[in-house]
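Architecture and fold: a report
The primary structure of each chain is shown beneath.
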Protein chains: 2
Amino acid sequence: MLTVALAKGELTKSSIELFKSIGLDFSAFLEPGMRQLQIEDPTGRARAMIVRNKDVPVHVEYGQAHLGIVGYDVLREKKANVAQLIDLGFAGCRLSVAVKQSSPYQSALDLPAHTRVASTFVNCAREYFQALDLPVDLIHLSGSVELGPITGLSEAIVDLVATGTTLRENGLREIDVIFETTARLIANPLSYRLDQDGVGAIVEKIRQQIHP
Amino acid sequence: MLTVALAKGELTKSSIELFKSIGLDFSAFLEPGMRQLQIEDPTGRARAMIVRNKDVPVHVEYGQAHLGIVGYDVLREKKANVAQLIDLGFAGCRLSVAVKQSSPYQSALDLPAHTRVASTFVNCAREYFQALDLPVDLIHLSGSVELGPITGLSEAIVDLVATGTTLRENGLREIDVIFETTARLIANPLSYRLDQDGVGAIVEKIRQQIHP
């Protein structure tokens, strides 16, 4: 049966709406108190699992899900072996470098060598600073990265910025954008190439919804 | 000022109660709708930050917090350079190997070579299977590890087990315990050795609460 991997959190609602627009209903995941991690569409034609953002590419890479919807930021960070098929346009934000409001630095290149940079996106941050030929000391945090400059753990952070409210509330200022990110439709390369369980037709329907 | 790092989630309440019993009140973190990540004790003698489990040892290692409370499982997985001072006894659970109810395997040693094992604790799992001289293919997930055997992503999982309810609900069976874990009081080694900001007296008070 065709199986899709959905991401818990900000992407859930838009992803479910997209599948609904092509006739697959996974809205049971939005019911309050829902604890199941896997459900079937009421017509029995497809199944969906709901997992953490970062786990979507894992389930797709190993083929337990044919398709998945996940942010480009996760794909860049995890370097999963999946086919990136369609830019879905929603959940737009950017991965940025930020420092304290009071900091003298106006761009990432102004940062002194061996500046401490805290991030949950250490791979993306490492690549970015390597491309600038600027050696930095990366500190891997799992969340609340904005605490870095507040507590003095790090001079700078690399974090996702949507509206900028979190940065402002924490007295931080964006100095560079590393890349823009949106939700992407991804597929298991083999399933997609062999058109297993009708995955090709589903992808085509989604493409027509996005680029009518 | 003395600063302590508390872990969001299951440890929060017991950690705050412990500090309250020695005269430091961080219960503002328990108020509904609380968004601040750092607060001061009302007497102004100490500060607390609340961060993800895995980030507690990071803030303590880098010295932004003198003390922290975190599970032994996180310390084993992250191998942070912190001083482990006191076993606090609460938040007990175990890191275990589990397989499907229907699986023929009765212990980790029964698993065939190159079995796929899903876990959020990949370092602990790697060490355990290396000590058994059993090569396994580890799959790093960020959450909902119990999906592994259900979807066929992995034959086994390595995950924290408290009551066993999650395993049972997902048709899984524990076959080996890797280690038992409880909450630990940790300190920045240098702060503790130099007795910065009265950290020694606080540790002594906690020790008397735990081992009166």
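Worth saying up front: this structure is predicted, and the values here are computed from it rather than measured.

**Re helix α1 (residues 12-21) of chain B**
Residues spaced three or four apart along an α-helix point in a common direction, a consequence of the helix completing one turn every 3.6 residues. All names here are of chain B. When α1 is considered as a whole, its buried residues turn out to be Thr12, Ser15, Ile16, Leu18 and Phe19. On an axial view of α1, the arc spanned by its buried residues comes to 155 degrees, and they lie on one face. In this structure, the buried side of α1 is in contact with β1 (2-7), β3 (46-51), β4 (67-71) and α8 (199-210). Just past α1, the residue Gly23 takes up positive phi, approximately 95 degrees.

**Details of the confidence of the model for chain A**
On average, residues of chain A carry a pLDDT of 96, and 100% of them reach 70 or more. Interface confidence for the predicted complex, given as ipTM, is 0.91, next to a pTM of 0.93.

**Thoughts on the domain arrangement of chain A**
Residue and element names in this part refer to chain A. Domain parsing of chain A yields domain 1 (2-91 + 182-210) and domain 2 (93-181). If you average the C-alpha positions of domain 1 and of domain 2, the two centres end up 30 Å apart. On the domain 2 side, the residues contacting the 8 residues of domain 1 number 11 residues. Here domain 1 packs against domain 2, burying approximately 890 Å² in sum over the two surfaces, 45% of which is carbon and sulfur. Counting the contacts that link domain 1 with domain 2 gives 1 salt bridge. The interface formed by domain 1 and domain 2 includes 6 residue pairs in polar contact (both at pLDDT 80 or more). Element by element, the count of residues in the side of domain 1 that touches domain 2 is highest for helix α3 (residues 72-78), at 4 residues. A class-by-class count of the residues in the side of domain 1 that touches domain 2 yields 2 nonpolar, 2 polar and 4 charged.

**Concerning unusual backbone geometry**
Even without being a glycine, Ser144 of chain A presents a positive backbone phi close to 45 degrees. Following the sequence through the fold, Ser144 of chain A ends up in the loop between β8 (137-140) and α5 (147-151). Positive phi outside glycine occurs at Asp133 of chain B, with the angle close to 60 degrees. Within the element layout of this structure, Asp133 of chain B appears in the loop between α4 (122-131) and β8 (137-140).

**Quick notes on the packing of aromatic side chains**
Where two aromatic rings form a pair, the distance of their centres and the angle of their planes describe that pair. Residues and elements named next belong to chain B. Scanning the entire structure with this criterion turns up 6 aromatic pairs over all chains. Consider the rings of Tyr128 and Phe129, whose centres lie 5.4 Å apart with planes at 80 degrees: the pair is edge-to-face. Here the two residues Tyr128 and Phe129 agree in accessibility, since each one is buried.

**Examining the side chain of Asp55 of chain A**
Position of Asp55 of chain A relative to the elements: it lies in the loop between β3 (46-51) and α2 (56-61). Discounting chain neighbours no more than four positions away, the residues touching Asp55 of chain A are His140, Leu141, Ser142 and Gly143 of chain B.

**Focus on the interface of chain A and chain B**
If you look at the interface, chain A gives 29 residues, while chain B gives 29 residues. Both sides together, the interface formed by chain A and chain B hides about 2,500 Å², and carbon and sulfur atoms give 55% of it. On the chain A side of the interface with chain B, the three residues burying the most area are Tyr62, Ser142 and Leu147 of chain A, jointly 21% of the side's total. Taken together, the connections running from chain A to chain B amount to 2 salt bridges. For Glu169 of chain B, the salt bridge goes to Arg35 of chain A, with nearest N and O atoms at 3.1 Å.

**So, the nonpolar core**
If you look at the biggest cluster of nonpolar residues, it comprises 43 residues, and the most contacted ones within it are Leu6, Phe19, Phe26, Leu67, Leu88, Leu185 and Ile206 of chain B. Dropping the residues within four chain positions of it, Leu185 of chain B is found in contact with Leu67, Gly68, Ile69, Ala83, Gln84, Leu85, Ile86, Leu88, Val203 and Ile206 of chain B. Counting residues in hydrophobic clusters, the runner-up holds 42 residues, among them Ala7, Ala48, Phe90 and Leu185 of chain A.

**Focus: the state of the cysteines**
Residues and elements named next belong to chain A. On inspection of all chains with the given rule, the structure shows 0 disulfides over all chains. Here Cys93 stays unpaired: no disulfide links it, and the sulfur of Cys124, its closest cysteine neighbor, is 12 Å away. On the accessibility criterion, Cys93 (16% relative accessible area) is buried.

**What about the packing of α1 of chain B against α8 of chain B?**
Residue and element names in this part refer to chain B. Running from amino to carboxyl end, α1 crosses α8 at an angle of 105 degrees, the nearest separation of the two axes being 9 Å. Relative to α8, α1 is oriented roughly perpendicular. Where α1 approaches α8, its residues Leu18, Phe19 and Ser21 are matched on the opposing element by Ile202, Ile206, Gln209 and Ile210. Its residues assigned to classes, the contact of α1 with α8 shows 5 nonpolar, 2 polar and no charged.

**Looking at the side chain of Thr12 of chain A**
When you line up the elements, Thr12 of chain A lands in helix α1 (residues 12-21). In contact with Thr12 of chain A, other than residues within four places in its own chain, are Ala7, Leu30 and Ile50 of chain A.

Conventions adopted
- Residues numbered from 1 in each chain as written.
- Chains lettered and ligands numbered in written order.
- Predicted model: local features only at pLDDT ≥ 70, side-chain atom pairs only at ≥ 80, totals over all residues.
- Heavy atoms only, no water.
- Buried < 20%, exposed > 50% of the residue type's maximum accessible area, 1.4 Å probe, protein only.
- Helix = DSSP H or I, 4+ residues; strand = E, 2+ residues; numbered from the N terminus.
- Arc of directions from axis to C-beta.
- Contact = heavy atoms within 4.5 Å.
- pLDDT = per-residue confidence, 0-100.
- Domains from an automatic or database assignment.
- Buried area = accessible area lost by both parts, 1.4 Å probe.
- Salt bridge = Lys/Arg side-chain N within 4 Å of Asp/Glu carboxyl O.
- Polar contact = N/O pair within 3.5 Å; in protein donor to acceptor, adjacent residues only side chain to side chain.
- Nonpolar A, V, L, I, M, F, W, Y, C, P; charged D, E, K, R; others polar.
- Phe/Tyr/Trp six-rings, centres within 6.5 Å; stacked < 30°, edge-to-face > 60°.
- Core = buried A, V, L, I, M, F, W, Y, C linked by side-chain atoms within 4.5 Å.
- Disulfide = S-S within 2.5 Å.
- Axes fitted to C-alpha atoms, helices over the stretch in contact; angles between N-to-C directions.
- Parallel < 35°, antiparallel > 145°, perpendicular 65-115°, else oblique.

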